[in-house]
Amino acid sequence: MAKLRRFIWIIIIIILLAMIMLAFNVRQSFVKDTDINLYINDKNILCTILEHQEDITKDFIKNEEISKLEQLEKMSPVIVKVKVDSDSPREIYEEATLTKVKVKEVFKGNLDKESIYVFEPFYILTDPPIIINSLDGYNVMDKDLEYILFLRDMKDSNYTPDDTIYMPTTTLLSKYSINNTTLKLNSVKLINNEVKYRNVKGLDIINNNLKDIEKYNDMKLNVLKKYTNRK
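These numbers come from a predicted model, not from an experiment. (Residues numbered from 1 in each chain as written. Predicted model: local features only at pLDDT ≥ 70, side-chain atom pairs only at ≥ 80, totals over all residues. Heavy atoms only, no water.)

With mixed pairing, the four strands of this open sheet are ordered in space as 6-7-1-11. The sheet terminates laterally at strand 6 (122–125) and strand 11 (194–196), the two strands that pair on one side only. Across the sheet, the mean angle separating the axes of adjacent strands is 30 degrees when strand polarity is ignored. Bridge count for strand 1 (residues 46–50) against strand 7 (residues 131–135) is five bridges, and the pairing is parallel. Looking at the pairing, L46 lines up with I131 of strand 7. (Pairing = 2+ DSSP bridges. Helix = DSSP H or I, 4+ residues; strand = E, 2+ residues; numbered from the N terminus. Axes fitted to C-alpha atoms, helices over the stretch in contact; angles between N-to-C directions.)

As structure tokens, then:
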């Protein structure tokens, strides 16, 4: 009986050791693929422009409802100047990318944090074929630029260490890079709402609609003039 018990314990120990080794090997072979930086530098990935469908959460104000900067300001509880925290991963979620940004200046809202988390309406479908999805032509923030953001806040209990998470007030009119570059008319050639992302990576928005581009350019000039003293 003692020999049988000893044999059973030896078998159990062998199984446990095998499970530990298997777990270690799986951990070593795991490749973290939820960081958007792994994809936006790929020259071959296509970007698809999706029209955002309003749901019961009414998460974004419709771009058509904004015609003047004053309207955007009124509808945005938070207005800030930020820069992407390049030391933090940018996690891909369903229909959004979670980006941590450093707060450079607060123009509106009660913010006393050095950094906040923003859901950007831009994400990757990682199942082959890998493709970038942009809601309404939103383009993800460049880590080397500073931005003026118009944001709405919401409670957060799952995604970040903070109690609050932020999202753009609109998909197209809530993010402005602090540079003097405006969009060129008809500079983006979309075929069936698709384009190689490398061709639009440096644009503020991914759009070839004349009215949208003129509207965005006009808003950007007003935003820079008011919030950065640039003319």
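It is worth spelling out the packing of aromatic side chains at this point. Under the defined criterion, the tally for this structure stands at six aromatic pairs. Here the aromatic rings of Y93 and F119 are separated by 5.9 Å at their centres, their planes lie at 85 degrees, and the arrangement is edge-to-face. Pair noted here: Y93 is in strand 3 (residues 91–93) and F119 is in strand 5 (residues 115–120), with a separation of 26 residues, a long-range link. Residue classification places Y93 among the partly exposed positions, given a relative accessible area of 31%. Ring geometry for F150 versus Y176: centroids 6.1 Å apart, planes at 90 degrees, classification edge-to-face. Of the two residues, F150 sits in strand 8 (residues 146–155) while Y176 sits in strand 10 (residues 175–177), which places them 26 residues apart along the sequence. Take F150 and Y176: they sit in the same class, and that class is buried. An aromatic cluster of three or more residues is present, and its members are F107, F150, Y176, Y216 and Y227. The positively charged end of K175 is found above the aromatic ring belonging to Y138, 5.1 Å away from the centroid. (Phe/Tyr/Trp six-rings, centres within 6.5 Å; stacked < 30°, edge-to-face > 60°. Buried < 20%, exposed > 50% of the residue type's maximum accessible area, 1.4 Å probe, protein only. Lys NZ or Arg CZ within 6 Å of the ring centre and 35° of its normal.)

Right, let's get into the environment of S86. Mapping S86 onto the fold places it in the loop between strand 2 (78–84) and strand 3. With 57 residues separating them in the primary sequence, S86 and K143 have C-alpha atoms 6.2 Å apart.

So, on to the nonpolar core. If you look at the biggest cluster of nonpolar residues, it comprises 33 residues, and the most contacted ones within it are Y197 and I206. Taken together, the elements giving at least two residues each to this core come down to strand 1, strand 2, strand 4 (96–108), strand 5, strand 6 and strand 8. Sort the elements by how many residues they give to this core and strand 2 lands first, with four residues. Excluding residues within four positions of it along the chain, I206 makes contact with C47, I49, S134, G137, Y138, N139, V188, L190, V195, Y197 and V200. Grouped together as the second largest cluster of nonpolar side chains are 18 residues, I79, I148, F150 and L183 included. (Core = buried A, V, L, I, M, F, W, Y, C linked by side-chain atoms within 4.5 Å. Contact = heavy atoms within 4.5 Å.)

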